[in-house]
Amino acid sequence: MRRIIAALFIVMLLIGAAAPVTASASDTYNYSYWGHPVPSPNPYTLDRVMVGADWNVGSLSSPQDVFVGQDKQVYIADTGNNRIIVLNEQLQAEAVIQGFDNNGKKDGFNQPEGVFSDPEGHIYVADTQNRRLVELDDKGGLLRIVKEPQSTLLREGFQYTPVKVAVDKAQRIYVVTRGSYEGIMEFDADGGFNGFIGTNRVKFSPVDLFWKRISTKAQRQQMEQFIPLEFNNLDIDGDGFIYTSTSEENSDRPIKRLNPSGVDILRSKGYFPPKGDNGTLETGSSPGSSIFVDVIADTGGMFSALDAKRGRIFTYDKDGNLLYEFGGLGSQQSNFRTPSAIEILGDRMLVLDKDNNRLSLFKPTRYGTEIREAVSSLYGGKTEQSAAAWKQVLQFNGNFDVAYIGIGKSLLKKGDNREAMTYFKLGNNREYYSEAFKRYRKDVVLQHFGTLVLVAALLAACLITAVKLSGRMKAKGQYYQEFGVIRNPFYTMLHPFNGFWEMKYEHKGRIKVALGIVAALVIAAIIKRQYSGFVVNFNNPEQLNSLNELKFIVLPFLLWCVANWSLTTLMDGEGKFKEIVMATAYALLPLVIIYLPQTLYSNMITGGETAFYYLLDAIAMLWFVWLLFTGTMTVHQYSAGKTLVTMLLTLLVMGIIIFLGVLFFSMLQQMISFAISIYKEISFRV
């Protein structure tokens, strides 16, 4: 028996040493539910690249912003040349605004970094180095200048340096200023300063906070202050909400959608928050998270953000699902060196590259067009058109989960709940799946109400009959006469002190029964892991492996028995190794008993009804710990306190055994490698 256990122990360690394989991203990709980059077709392709010579206006110089007005006019803030370039919808030069008449004097810009145009054609320029806003008419004539505000709301030493500007339907002006961590500055229609909105939250390290608490005043003054990061760009969508971006590393919300009160209402119901590349990439030439420098609202609730670190454009729907990404840094025409701004012109994307001094125009591919059509149709309530477009998308990319979710939404609106459940399951969306399942379950109950009541009545009758028969057997004294080794684990589960006592001293325990319980637990765990209801089953089907149950159940079981036996031989324990194995296995029986009905129950609940499911998990685990405690105490004849200490020390010994096992196999591997090297060397020389 010990040889078998030793062999199983070695197999478990080898299985535990296996490491998962990480997938790599291709040029265009999306993220699966499990966070893996999945290759996808290219949603956009380069149409053309334009420079200043194409418009006969000379070369651009570090252009910082581009904006498309409602009249499809394109405005470029040519920062280094201190001018605004105006293009028409065909991207032909309409005007170049280098200066304006200011009360009879010639005036001009000084490195303007932001430009905006309202529906009336008025042009707002963030005249950065002149520290002012300039409003021009559609001909370039000066309408007004909004100078640096004077207000008690501004802190001492505040430097007004406007870099981006936007205006809403109520003519309120929103300005992003460099170095302003208070938020976005809001001006009324007359240019009066109203205050700040949408302040970012402070992010700090607990370690830094600790050191700051114990530092002297002089040391604290030299430390970095905990202040929120400033916004770097903004855009206003058709509903008047403000999209903002922040250059913050490893932030879960680098993009926000602010309402007029400054509250972030951006929806984040996708697999991951809208933050570009998932996780922090620690390898490659550009490690770390994405850093957004611009965000633009699109039709159908979509929005796109520009990642300056890797030159990628990420597009999301209104729920925060990543639809596609494209672009990148490099020397190819379709890539960028330092992208500074993006805009939407119809369904085409404009990307401004300030180091290459050029404007790149991308047009959607068939794949990108179908996605845009599907999202816009669903946003507009055209479910049939949306479903048809999503099906076309799946012809290009069968791994696109958002398409399955989109089709499911259309089916849900049509009332086809059963089919909608299938698509939501394919798209790994548990929220909508629960909604569809709830409706489907209601329909089934209404259709088969009589049958269900009859089945419930029969089950209740069977249960009552079984209880009565059990009572008669007890009355006749047959309960104790039929009690044997098979029923001992069940009796022990309900009467642990008597059960473990009889197992040890009346020899009612059997090692075969104990190993059978462990085998049953492995099977129950496999069934639970693979067949639990979708709303509680978060296992990756591609990584499900029944051998893992050996690693997570049999290996800890053997380690506990070996460690407990090794420890208690030094602590005057009376338990034999065989008794430890039986007591530990008998303690696992509640897990076997609860797992199977729990799995069945999980297939009949929605996402909002999972509390009882997890309560069963807690009950099973507490029951197991209680049985293990009483079993250890009874087998070794310890006091309660000594049993608790022994169990904690057993866990420590398990860690030591794992460490020694890993060390042994590492040394064995090195010895084998050394022997192979010696053999090859001798073979080569002989």
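Reading the values: rules and limits
- Residues numbered from 1 in each chain as written.
- Predicted model: local features only at pLDDT ≥ 70, side-chain atom pairs only at ≥ 80, totals over all residues.
- Heavy atoms only, no water.
- 1 Å grid on protein atoms, 1.4 Å probe; cavity = no way out; pocket = protein on both sides within 12 Å on 5 of 7 lines; lining within 4 Å.
- Points joined across faces, edges and corners; volume = space filled by probe spheres on them.
- Helix = DSSP H or I, 4+ residues; strand = E, 2+ residues; numbered from the N terminus.
- Nonpolar A, V, L, I, M, F, W, Y, C, P; charged D, E, K, R; others polar.
- Salt bridge = Lys/Arg side-chain N within 4 Å of Asp/Glu carboxyl O.
- Buried < 20%, exposed > 50% of the residue type's maximum accessible area, 1.4 Å probe, protein only.
- pLDDT = per-residue confidence, 0-100.
- Contact = heavy atoms within 4.5 Å.
- Core = buried A, V, L, I, M, F, W, Y, C linked by side-chain atoms within 4.5 Å.
- Phe/Tyr/Trp six-rings, centres within 6.5 Å; stacked < 30°, edge-to-face > 60°.
- Lys NZ or Arg CZ within 6 Å of the ring centre and 35° of its normal.
- Patch = residues over 30% accessible without salt bridge, like charges linked within 9 Å, V, L, I, M, F, W, Y side chains within 5 Å.
- Areas by Shrake-Rupley, 256 points an atom, 1.4 Å probe, with all protein chains shown as cover.
- Axes fitted to C-alpha atoms, helices over the stretch in contact; angles between N-to-C directions.
- Parallel < 35°, antiparallel > 145°, perpendicular 65-115°, else oblique.
- Left-handed = near helix turned anticlockwise from the far one by under 90°.

### Considerations on empty space enclosed by the protein
Going through the model one piece at a time under the given rule, you end up with 2 cavities of 30 Å³ or more. In this structure, the largest cavity occupies an estimated 110 Å³ of space. Those elements that place two or more of their residues in the lining of the largest cavity are strand E4 (65–68), strand E10 (114–117), strand E14 (162–167), strand E18 (231–236), strand E21 (292–297) and strand E25 (339–345). When grouped by side-chain class, the residues that make up the lining of the largest cavity number 10 nonpolar, 1 polar and 5 charged. As a volume, the second largest cavity reaches approximately 60 Å³. In this structure, the second largest cavity is lined by Trp 560, Asn 564, Ile 580, Ala 583, Thr 584, Leu 627, Leu 628, Gly 631, Thr 632, Val 635 and His 636. Elements represented by at least two residues in the lining of the second largest cavity include exactly helix H14 (547–568), helix H15 (577–587) and helix H17 (611–636). The element that contributes the greatest number of residues to the lining of the second largest cavity is H17, accounting for 6 residues. Split into classes, the residues belonging to the lining of the second largest cavity amount to 6 nonpolar, 5 polar and no charged.

### Considerations on the pattern of salt bridges
When the charged atoms of two side chains lie near each other, side chains of opposite charge can form a pair. Tallied over the entire structure, the rule returns 26 salt bridges. Between Glu 182 and Arg 155 there is a salt bridge whose closest N-O contact spans 2.4 Å. One end of the pair, Glu 182, is in the loop between strand E15 (173–177) and strand E16 (184–187); the other, Arg 155, is in the loop between strand E13 (142–146) and E14, with 27 residues separating them in the sequence. By relative accessible area, which is 14% here, Glu 182 ends up buried.

### Structural notes on the confidence of the model for the protein
Of all residues in the protein, 90% have pLDDT values of 70 or greater, and the mean over the chain is 87. This stretch, residues 8–26, has a pLDDT under 50; its non-local contacts, to residues over four places away or in other chains, come to 19 contacts.

### Looking at the nonpolar core
In this structure, Met 503, Ile 517, Leu 521, Phe 557, Tyr 586, Leu 588 and Leu 591 are the most contacted members of the largest nonpolar core, which totals 50 residues. When contributions to this core are tallied by element, the ones reaching two or more residues are helix H12 (496–505), helix H13 (511–531), H14, H15, helix H16 (589–602), H17 and helix H18 (640–685). If you tally residues by element for this core, the top one is H14, at 10 residues. Contact partners of Leu 521, with chain neighbours within four places excluded, come to Ile 553, Leu 588, Leu 591, Val 592 and Tyr 595. One finds Leu 323, Tyr 423, Phe 424 and Ala 436 within the second-largest nonpolar core, a separate group that totals 44 residues.

### What to know about the packing of aromatic side chains
All chains considered together, the criterion is met by 32 aromatic pairs. Among the aromatic residues, ring-to-ring pairing joins Tyr 44, Tyr 324, Phe 326, Phe 336 and Phe 362 into one connected group. The ring of Phe 534 is capped by Arg 430, whose NZ or CZ atom sits 4.3 Å from the centre of that ring.

### Observations concerning a nonpolar patch on the surface
Side chains of Val 645, Leu 649, Leu 652, Ile 656, Phe 659, Leu 660, Leu 663 and Met 667 sit close together on the surface and give an oily, nonpolar patch of about 740 Å² of accessible area. Along the polypeptide, Met 667 turns up in helix H18.

### Concerning the packing of H15 against H17
At a minimum axis distance of 8 Å, the contact between H15 and H17 shows a crossing angle of 160°. One element, H15, and the other, H17, form an angle in the roughly antiparallel class. Crossing of H15 over H17 shows right-handed handedness. Residue-level inspection shows Glu 579, Ile 580, Ala 583, Thr 584, Tyr 586 and Ala 587 of H15 in contact with H17, the latter providing Phe 624, Leu 627, Leu 628, Gly 631, Val 635 and His 636. A class-by-class count of the residues in the contact of H15 with H17 yields 8 nonpolar, 3 polar and 1 charged.

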